Amino acid sequence: MKSEPPPPCPFEKLHPSELNRDAGYYMSHAFNESLKAWKANEVPIGAVIEFNGAIVARAYNQVESLNDPTAHAEILAITQATEIVGDWRLNGATLYVTKEPCPMCSGASIMARISKVVYAVPDPKMGCMAVPRRCRSYLA
């Protein structure tokens, strides 16, 4: 259980232009969510889901505050998006997340039928979205 307050966050909130809704725009919003996680003394990971050009969900890790090992940013965002869209199938949606999703979150994005996942940094230890080099030949 984390009892000490987090150190001051060295990063500033980003203010992306509403005129250019590209991957950088959506990732900036995911980054801003990760800052909320930092300030809540959580692992600083943020996620947003884009659907038809609009952000339909945004979340950050809340494992410690909710005392729930499944309260990852991606899982919380998927749950929000399904409520907004009104369907558990998120065909056509894109998940933007600040770190490569873990096996649980990767599986949830597949089960939710999210069309595309974009992440900022890879996670060589627990990341589960990248296809390992040794498997590429089998997938071709």
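The preceding data block contains the structure.
This section reports on the structure supplied with the text. Bear in mind the structure is a predicted one, so any value in this text is a computation, not a measurement. (Residues numbered from 1 in each chain as written. Predicted model: local features only at pLDDT ≥ 70, side-chain atom pairs only at ≥ 80, totals over all residues. Heavy atoms only, no water.)

Here we take up the overall build of the protein chain. Looking only at helices and strands, the protein chain has five helices and four strands in total. Each helix and strand of the protein chain, placed in order from N terminus to C terminus, yields the pattern α-β-β-α-α-β-α-β-α. Computed over its C-alpha atoms, the radius of gyration of the protein chain comes to 15 Å, within 12% of the 14 Å expected for a compact globule of 140 residues. Overall, the C-alpha framework of the protein chain stretches about 50 × 40 × 25 Å when taken along its three principal axes. Residues classed as buried in the protein chain amount to 37% of the 140 residues present. For the protein chain, the share of sequence-separated contacts (at least 6 apart) that also reach a separation of at least 24 residues comes to 49%. (Helix = DSSP H or I, 4+ residues; strand = E, 2+ residues; numbered from the N terminus. Rg over C-alpha atoms; globule rule 2.2 N^0.38 Å. Buried < 20%, exposed > 50% of the residue type's maximum accessible area, 1.4 Å probe, protein only. Contact = heavy atoms within 4.5 Å.)

Within the secondary structure, D123 is located in the loop between β4 (116-121) and α5 (133-139). Taking the C-alpha atoms as reference points, D123 and P101, 22 residues apart in sequence, are found 7.8 Å from one another. Sequence-distant contacts of D123, that is, excluding residues within four places in its chain, are made with K99 and E100. Among the polar contacts listed, one links the side chain of D123 to the side chain of K99, at a separation of 3.2 Å. (Polar contact = N/O pair within 3.5 Å; in protein donor to acceptor, adjacent residues only side chain to side chain.)

Our focus in this paragraph is the pattern of salt bridges. All told, the structure shown has five salt bridges when counted by the stated rule. Two residues, K36 and E33, come together in a salt bridge whose shortest N-O distance is 2.9 Å. Taken together, the positions of K36 and E33, both in helix α1 (residues 23-39) and three residues apart, correspond to about one turn of that helix. For K36, a relative accessible area of 41% corresponds to the partly exposed category. Residue E33 is classed as buried on the basis of its relative accessible area of 3%. Among the salt bridges present, the one from D123 reaches K99, with a minimum N-O distance of 3.2 Å. (Salt bridge = Lys/Arg side-chain N within 4 Å of Asp/Glu carboxyl O.)

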